[in-house]
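Commentary on secondary and tertiary structure
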Amino acid sequence: MSTYGYFDDPSREFVITRPDTPLPWLNYLGQDEYFGMVTQTSGGYSFWKDAKLRRLTRYRYNNNPMDNDGRFLYVKQGKSVWNPGWKPTRAKLDAFECRHGLGYTRITGRKDGIEVEQLMFVPPGENLEIWKVTVRNKSRKPQKLSLFSYVEFCLFEALNDMTNYQRTYSIGEVEIEGSAIYHKTEYRERRNHYTLFGCTRKIDGYDTARDAFVGVHNSLGDPQAVLAGKCTNSHAYGWNPIGAHQVNLSLKPGAEETFAYVLAYVEQGDLPKFDAPFVMNKTKGREILEKFSDLARVDAAFASVQQRWADLLSIYQASKVPNAHLARMVNTWNQAQCMATFNLSRSASGYETGIGRGMGYRDSNQDILGFVHLLPARARQRILDIASTQLTDGTCFHQYQPLTKKGNADIGGGFNDDPLWLILSTCAYIRETGDTTILDEPCGYADKPGSKDSLLHHIETSITYTLNNRGPHGLPLIGHADWNDCLNLNCFSKEPNESFQCVGDIAGSKAESVMIAGLFLYAARDLVGLYQSMDRAGDAGRIQGHYDDMLKTVEEQAWDGSWYTRAFDAQGNPVGSKTCKEGKIFIESQAWCVLGGAGLTNGRAKKALQAVDKYLYTPEHGCALQYPPYSEYHLELGEVSSYPPGYKENAGVFSHNNTWIHIGWTMFGEGEKALEYYLSICPSAKKDHDKYRSEPYVYAQMTASQFSPTPGEGKNSWLTGTGAWSFVVASQSILGVQPDYHGLRIDPCIPKKWPGFTVQRKFRGVTYTIAVKNPKGKSKGVKSLVVDGQKLAGNVIPLPTDGRTAVTVEVTLGA
């Protein structure tokens, strides 16, 4: 338990016991098309599919105080005004609790004998969120109070909403019907959708104009309507539309009242838009509010959220794991983070504004690795969507918008690692499902409208692109950047208003990436395995030849004596070499060369990992990205040298690339090392939350490293590739249950003192209960494999051929 809360593992909740956490601690609502972000103080916002193009409520990033917009309830009790979530009034509460669960958040505040509970969730299959609100009189005397709800509507297109005030201040429109507020900006012309904010109880007043409810010179901490104890029934005409309801309550001692608020995104579809001039057709909105006016339906909707997560998590569960942090993360929170990153890529979080990045090509392919076991059908569609943003020359749009699925032309392509990640996600999908028909699916190319080229065509195009775009050393050209977006070897930017990623002429450049070479080895080996599983020996042999050629190049050109060089710049000078004054060793090239199979026969792989251990690693924070950090800006390197030392890509601890080193240690049977490194970045294992600041239940992208003035400070939580890769590390590399083309491969790598563990894994319609025993204190190596009482050779559990849907497996380590 920390100063701020604790894990309730049986309930799969993190319980926050004081509201003033070091940073806002966030949770996500929704899994399908409607999403909401909610913090421990009810901050956040909601959107449908796309946080840029369909944002429903407003949120001001980098505000002061932070996280001061959201889905708020105000209590007016005599002269006292307070929020159950503490903000925005920040009135002192007698009790506070926030329970962040899977797909829901429950906030409870108590003051002066009144307790208010706000349960927020998005029902599966619905484009709306529900706030189930219960007001309790915990005192021994009757209580009268007024409860006010509050949201501020976004005019749907978020960037325009926060920049184009000469227009937006004049277009806001609403309608009010009973306890329902309809936000209908631009509905008269180009939009066929609206936002509904309704209360299932009879209300005693409302406001839809922010100036009327809050006041021009007041803040959300002292809204004038709440202070006055009465809404004004204002009607917004332009300016800033809001939704606010007033409910007056009289409660006897021990009494309580429960009702709900519904915030919904409504597509009108084929229905007539209007019942009369300027009067919306509200049929769908009325149906929604009527449906959830029945509290039994509200409870059933919440139960469906809980059941959905129970079903999803039952696909992979580990028990009797000796380390509580690993067990907690792999069983619950890591999988929840994988759901968020799959749905949102890097688009909308407490750090990502939902306006710029959209869905990343590289990012989304990696996110699938930790998600595919949960909802493989959705992973399948995502792979096809991603592939469709590739161009016929093999390059890819680096990002695309989730609503339109069109590539983002502002940033374009030329990030030369992008094409290869498609191979990893596709192979992961086929290993999980056995569904090779995806390879024949037509998904076309972004610059070839109407084309019917298959996914396999894309995969071959990706391989060919890397082979055809190599530099003087025979290594892949880097383009604008590789995985490290800030290693810009063709940028040469002197203008502070330029994007490091987008400027610079990459045509004819000779800058090369060793990291991409290692990734190519990994991807090519994946593709060899796929072709072999399909009995396509000729194709497997062809790709193996490319693998062998690249491996030879890496060993001849990239080895620097004790580690692998990171890159060669546009002038052919090494980056990440002992010859460099700063940035002598980088983590990415060590990781991907080792993961790709370089150095396994000549001792170099182990030396590379040992160099990481010596120069980059600390047990408290994990591995810094490079050493030493850059102390001055290098024109030939780009953004990587622009950050202060110890932060972000200039030798900060990037959790994402740490996970690749974890896998490397398991390849060498170093169980203690693998777990130690795993725990060094594990949020659950962080002890000083005032230092770490970020959420203790999900990974942050970056932690300030030992080279910074604030070591151990986490930033950019939730939407990071660490989510997927850390699940791969824990479930497949440490606990060692690995989906393969013809069954489950068992290859754990654990600390020698672990007596064993059990994994229940649902795989292709069969539930496997896998008990791993370690009687001789080994880290790696399967001595025996017993499947339903029958001893088998090797370490692959074959798929049942007799229709069995439950299989018991006993694994003994010690080979």
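Here we summarise the structure given alongside this text. (Residues numbered from 1 in each chain as written. Predicted model: local features only at pLDDT ≥ 70, side-chain atom pairs only at ≥ 80, totals over all residues. Heavy atoms only, no water.)

Sheet strands pair by backbone hydrogen bonding; their relative direction is either parallel or antiparallel. Spatial ordering of the open sheet is given by S32-S33-S34, a layout of three strands whose pairing is antiparallel. Looking at the sheet topology across the chains shown, the edges are occupied by strand S32 (653-654) and strand S34 (714-717). Strand direction decides the pairing type here: S32 and strand S33 (residues 700-703), joined by two bridges, are antiparallel. Paired with Phe654 across the two strands is Met702, which belongs to S33. (Pairing = 2+ DSSP bridges. Helix = DSSP H or I, 4+ residues; strand = E, 2+ residues; numbered from the N terminus.)

Here helix H6 (residues 295-313) is 19 residues long and its end C-alpha atoms lie 27 Å apart, about the 27 Å a rise of 1.5 Å per residue gives. The complete set of buried residues in H6 reads Val298, Ala301, Phe302, Val305, Trp309, Leu312 and Leu313. Looking straight down H6, one finds that the buried residues subtend no more than 110° of arc, so they occupy a single side. Structurally, H6 contributes buried residues whose contacts are with strand S10 (104-111), strand S11 (114-121), strand S12 (128-137), strand S19 (256-267), strand S22 (316-319) and helix H7 (324-344). In this structure Asp294 caps H6, since a side-chain oxygen of it lies 3.0 Å from the backbone nitrogen of Ala296. (Expected span 1.5 Å × (residues − 1). Buried < 20%, exposed > 50% of the residue type's maximum accessible area, 1.4 Å probe, protein only. Arc of directions from axis to C-beta. Contact = heavy atoms within 4.5 Å. Polar contact = N/O pair within 3.5 Å; in protein donor to acceptor, adjacent residues only side chain to side chain.)

An order of S35-S36-S41 is seen for the three strands of this open sheet, with the pairing classed as antiparallel. Only two strands of the sheet have a single neighbouring strand rather than two, namely strand S35 (737-740) and strand S41 (796-798). Here the average twist between neighbouring strands, direction ignored, is 30°. Pairing geometry for strand S36 (residues 743-746) and S41, over three bridges, is antiparallel. Bridge pairing in S41 places Leu744 opposite Ile797. (Axes fitted to C-alpha atoms, helices over the stretch in contact; angles between N-to-C directions.)

Our focus in this paragraph is the packing of aromatic side chains. Per the stated rule, a full pass over the model turns up 44 aromatic pairs. Relative to Tyr194, the ring of Tyr182 lies with its centre 5.7 Å away and its plane at 55°, an arrangement referred to as tilted. Here Tyr182 is found in strand S15 (residues 180-183), whereas its partner Tyr194 is found in strand S16 (residues 193-199), with 12 residues between them in sequence. Overall, the relative accessible area of 1% leaves Tyr182 in the buried class. Ring geometry for Trp660 and Trp725: centres 6.1 Å apart, planes at 85°, overall edge-to-face. Here Trp660, found in helix H16 (residues 655-667), pairs with Trp725, found in helix H19 (residues 722-734); they are 65 residues apart in sequence, far enough to count as distant. Comparing Trp660 with Trp725 shows no difference in burial state: the two are buried. Aromatic ring contacts, followed pair by pair, group Tyr4, Phe7, Phe14, Trp25, Tyr28, Trp333, Tyr697 and Trp718 into a single cluster. (Phe/Tyr/Trp six-rings, centres within 6.5 Å; stacked < 30°, edge-to-face > 60°.)

The next subject is a nonpolar patch on the surface. There is a patch of nonpolar side chains on the surface, built from Leu159, Met162, Tyr165, Tyr169 and Trp239 and spanning about 460 Å² of accessible area. Here Tyr165 is to be found in helix H2 (residues 165-168). (Patch = residues over 30% accessible without salt bridge, like charges linked within 9 Å, V, L, I, M, F, W, Y side chains within 5 Å. Areas by Shrake-Rupley, 256 points an atom, 1.4 Å probe, with all protein chains shown as cover. Salt bridge = Lys/Arg side-chain N within 4 Å of Asp/Glu carboxyl O.)

The subject of this paragraph is the pairing of S22. Side chains of S22 alternate between two faces, with Tyr316 and Ala318 buried and Gln317 and Ser319 left unburied. Both S22 and strand S37 (residues 756-763) contribute to a ladder of four bridges, which runs antiparallel. Its bridge partner being in S37, Gln317 is matched across the sheet by Gln760.

Once that is clear, we can look at a positive patch on the surface. On the surface, Lys752, Lys776, Lys778, Lys783 and Lys791 cluster together into a patch of positive charge. The topology assignment puts Lys752 in the loop between S36 and S37. On the accessibility criterion, Lys752 (48% relative accessible area) is partly exposed. (Lys, Arg positive; Asp, Glu negative; His and termini not counted. Charge placed at Lys NZ, Arg CZ, Asp CG, Glu CD.)

Quick look at the state of the cysteines now. Under the definition given, this model contains zero disulfides. No disulfide involves Cys231; its sulfur sits 11 Å from that of Cys199, the nearest cysteine. Between Cys396, a free cysteine, and Cys443, which holds the nearest cysteine sulfur, the sulfur-to-sulfur gap is 12 Å. By relative accessible area, Cys396 is classed as buried at 3%. (Disulfide = S-S within 2.5 Å.)

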